[in-house]
Amino acid sequence: MPSQKQLMKGAEAIAEAAIRAGCRHFFGYPITPQNEIPEYMSKRLPEVGGVYLQAESEVASINMIFGGASTGARVLTSSSSPGVSLMSEGASYLVGAELPAVIVNIMRGGPGLGDIAPSQSDWSMMTKGWGHGDKRYISLCPATVQEAVDMMSLAFDLAEKYRNPVVLLGDGLLGQMMEPVIFPALSEIAPEQSWAARGKLATRPRVIVRSLYLDPAELERHVDHLYDKFARMEREEPRAETWMCDDEPPVLVCAFGTVARIAKTAIGKLRGEGLRVGLWRPMTAWPFPVESLQKAAATSDRLLSIEMNKGQMVEDIRAVIGHDKPVGFWGRSGGMVPTVDEMMNAIRGQFANA
Amino acid sequence: MNHIDIDRERCKSCGLCIDVCNKHLLEFSKDLNSHGYHPVELRNPEKCSACSLCGIVCPEGGVQVYKEIRDKTR
Amino acid sequence: MTETLAFGRTPLLTHNYMHYCPGCTHGVAHRLVAEVIDEMGIQDRTIGVSPVGCAVLAYNYIDVDFIEAAHGRAPAAATGLRRTLPPDRYIFAYQGDGDLASIGMAEIVHAANRGEKLTIIFVNNAIYGMTGGQMAPTTLPGMKTTTSPGGRDVAQTGHPIRVCELLDTLVAPVFIARGSLSSAKNTIKAKKLLRQAFDLQHQGFTFVELLSTCPTGWGLSPTDSLAWLDRNMLPFFPTKTFREPGAMPEHTAAYHPDLKVRD
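Quick caveat: nothing in here was measured; it's all calculated off a predicted structure. (Residues numbered from 1 in each chain as written. Chains lettered and ligands numbered in written order. Predicted model: local features only at pLDDT ≥ 70, side-chain atom pairs only at ≥ 80, totals over all residues. Heavy atoms only, no water.)

**A short note on the interface of chain C and chain B**
Where the parts come together, the accessible area they lose is often given as the size of the interface. The interface of chain C with chain B comprises 29 residues on the first partner and 30 residues on the second. Both faces combined, the contact of chain C with chain B buries some 2,400 Å², and carbon together with sulfur accounts for 57% of it. Contact with chain B buries surface across chain C, with Phe 7, Arg 9 and Tyr 17 of chain C losing the most and accounting together for 26% of the total. For the pair chain C and chain B, the interface holds zero salt bridges. At the junction of chain C with chain B, the criterion picks out 14 residue pairs in polar contact (both at pLDDT 80 or more). Considering each element in turn, the side of chain C that touches chain B owes the most residues, six residues, to strand β1 (residues 2-7) of chain C. Class assignment for the residues of the side of chain C that touches chain B results in 15 nonpolar, 11 polar and three charged. Where strand β4 (residues 63-69) of chain B and β1 of chain C come together, five bridges link them in antiparallel fashion. (Contact = heavy atoms within 4.5 Å. Buried area = accessible area lost by both parts, 1.4 Å probe. Salt bridge = Lys/Arg side-chain N within 4 Å of Asp/Glu carboxyl O. Polar contact = N/O pair within 3.5 Å; in protein donor to acceptor, adjacent residues only side chain to side chain. Helix = DSSP H or I, 4+ residues; strand = E, 2+ residues; numbered from the N terminus. Nonpolar A, V, L, I, M, F, W, Y, C, P; charged D, E, K, R; others polar. Pairing = 2+ DSSP bridges.)

Right under this line is the structure:
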């Protein structure tokens, strides 16, 4: 029976949603601005017979995830930008060994130690750079606490569907804001997986969870197999929404996560001033929703990507749109959150040189 | 008679069994196995006491040792 | 004439041909682990964790479920296994000195400190074998390797790390011992240590370090390597049992495990 609507902080809602999705094991390490996730898990998981373990580092955390995922358990870790950087090697191993796992990244200002303010500056890391070798990860980008809750069960389902890690990509705002949420019912722990390493029964051959393929021809076949999965993800898993695009607005704003929410407010106000602006919001950073973008962009003259970074998603947009039409960028970095007025001015600028 | 069975294909002629056999019953054979090693062979099995030291030191798990069951009544 | 098998090959060793160099005692260590699992009858409840190093292919030789950890991370991966599997499972990680005492030092120290119910088998041959004989944290002073060509200079690189002694400062571990594979007698003793470690792993963290040879990396024959080990490694890495259940070493006696924060 789903829960009643309750007011909850984003980080805690994400943690509770993981438990509702059948996750009973969390391995993580403290880092602002996502500390409420491990803190909540340390209290809540024992209540449901689960395990909360604080590791000695994010490197250890992602490798505990590797061990836990090898047994078929639904395992979760969460961190923030610098910590997620440390997990990159482990993430590549999870892909190579075909292990399902969910990693939450509550992004903060970077590079380096940066700050603890909200940011979106890990888009490129999560969609292209995270870890060595040919690999991909599905990255889900919630814009509201409710969407983050819904995306958590989706993340575990997709991780197991493809036996590949899935990332929930939030920014510091999402983690800290309180919003009403409704949780799905507490689902049972995932069924045992035939591929899992749980002890060699006489009735089946040994399970070896590995990513080493010393013979290049064999590794190429393995990577091709992984890319068959990624191709299927690109066909079946892109998700995006458009808003205020019915009247074919000349300017299409592209934004994800909480920036998209600020953009909705800005667009509403600009509409009040008679300026026709629409919004395209990807809900998956990867697979990048190409068709949805092409459809939304078909009826607009110019695009403007607005992000809390120095222009990362815009590169993917330009890869799709090419030189058909101008694709502008406006953003704040360093953890500065754009205000509605600033955003309105940036969008007005698109009309000025339209 | 006690005897040992050395897996000719596993042997890498490391010689550790030869060293440990205190009766010096083991030596490299003239011919080569498929990996290009001279596998070890047992000479004079009648002197073998089936002590199993050769098996214990073999890094390849390539030695099996058989001990004769003497008929006590004789 | 009838005969019995005085010494056979355990079925827990697969039929695969081992890739180790001639005379490398990794093969002996593998056989001991396989025999212990066989004799305890726990093949269907044991999961191994292989390292990155010469023994990365351990899963080709010991016939149990395995997972292959990233370099240095076997204790963390093993922790993930332990915390998600039913408690009746036996979990061991098999690591070399580069894997455990260099890149993986944080992981081994914290797994031990948490008292993870695991058996860690630490094969110490004082060198990086797989990558071609470089200096390891356990490389001896003055020992030549491909990255200490003039001999390990302790003024620049410090001294060999005694992992058993280091872990023995921790309260949680229930079994810490160092053995050697440098002779038949020592190998027999080493197997007893491994059996003790497996027997105790459901009580807490168990650790067995095995001094081992690297003929290729040391540039010695297999026979000379055993003698070299005894002559050079034993003085620095004494083989003894450092920790057994119940015996709280004196330096931890002052700290009573039941000491709680007083509100």
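**A short note on the domain arrangement of chain A**
Residues and elements named next belong to chain A. Examined at the domain level, chain A breaks down into domain 1 (6-236) and domain 2 (241-353). Inter-centroid distance (C-alpha atoms) of domain 1 to domain 2 is 28 Å. Contacts between domain 1 and domain 2 engage 33 residues on the former and 23 residues on the latter. Both faces combined, the contact of domain 1 with domain 2 buries some 2,300 Å², and carbon together with sulfur accounts for 58% of it. Taken as a group, Gln 120, Trp 123 and Ala 143 account for 32% of the area that domain 1 buries against domain 2, more than any other trio of residues on that side. Here Arg 261 ties to Glu 179 by a salt bridge, and the two come within 2.4 Å at their closest N and O atoms. At the junction of domain 1 with domain 2, the criterion picks out 15 residue pairs in polar contact (both at pLDDT 80 or more). Elements with a contribution of two residues or more to the side of domain 1 that touches domain 2: α6 (123-129), β6 (138-140), α7 (145-162), β7 (165-171), α8 (172-176) and α9 (216-236). If one sorts the elements of the side of domain 1 that touches domain 2 by residue count, α6 sits on top with four residues. For the side of domain 1 that touches domain 2, the per-class residue count stands at 17 nonpolar, eight polar and eight charged. (Domains from an automatic or database assignment.)

**Some remarks on the packing of helix α1 (residues 10-20) of chain A against helix α2 (residues 36-47) of chain A**
All names here are of chain A. Interhelical geometry of α1 versus α2 gives an angle of 45 degrees and a closest axis separation of 8 Å. Considered as vectors, α1 and α2 are oriented oblique to each other. Crossing hand, α1 versus α2: right-handed. On α2, the residues that touch Ala 11, Glu 12, Ile 14, Ala 15, Glu 16, Ala 18, Ile 19 and Arg 20 of α1 are Glu 36, Ile 37, Tyr 40, Met 41, Arg 44 and Leu 45. Residues belonging to the contact of α1 with α2 are distributed by class as follows: nine nonpolar, no polar and five charged. (Axes fitted to C-alpha atoms, helices over the stretch in contact; angles between N-to-C directions. Parallel < 35°, antiparallel > 145°, perpendicular 65-115°, else oblique. Left-handed = near helix turned anticlockwise from the far one by under 90°.)

**Some words on the arrangement of the chains**
Among the two pairs of chains that make contact, the interface with the largest number of contacts is formed by chains A and C. Separated without contact, chain A and chain B have their nearest C-alpha atoms at a distance of 20 Å.

**Things to note about the nonpolar core**
With 126 residues, the main nonpolar core has Leu 76, Trp 130 and Met 152 of chain A together with Phe 207 of chain C as its most contacted residues. With 10 residues, α7 of chain A is the largest single contributor of residues to this core. Split by domain, the residues of this core number at least three in each of domain 1 (6-236) and domain 2 (241-353) of chain A. Not counting the four nearest positions on each side in its chain, Phe 207 of chain C is found in contact with Leu 100, Ile 108, Ile 120, Phe 122, Val 163, Cys 164, Leu 167, Phe 175, Ile 176 and Ala 177 of chain C. Counting residues in hydrophobic clusters, the runner-up holds 40 residues, among them Leu 32, Tyr 59, Leu 181 and Ala 190 of chain C. (Core = buried A, V, L, I, M, F, W, Y, C linked by side-chain atoms within 4.5 Å. Buried < 20%, exposed > 50% of the residue type's maximum accessible area, 1.4 Å probe, protein only.)

**Describing unusual backbone geometry**
It is generally the case that most residues other than glycine have a negative phi and that most peptide bonds are trans. A cis amide bond links Thr 32 of chain A to the next residue, Pro 33 of chain A, at an omega of 5 degrees. Position of Pro 33 of chain A among the secondary structure elements: in the loop between β2 (25-28) and α2. Across the junction of Trp 286 of chain A and Pro 287 of chain A, the peptide omega takes the value -5 degrees, indicating a cis bond. Here Pro 287 of chain A lies in the loop between β13 (284-286) and α11 (290-298). Located in the positive-phi region is Glu 248 of chain A, a residue other than glycine, with phi close to 45 degrees. Tracing the sequence through the fold places Glu 248 of chain A in the loop between β10 (240-243) and β11 (251-254). Looking at Glu 248 of chain A, the relative accessible area reads 46%, which means it is partly exposed. A positive phi angle, close to 45 degrees, is found at Asn 44 of chain B, a residue other than glycine. Along the polypeptide, Asn 44 of chain B turns up in the loop between β3 (40-42) and α2 (53-57).

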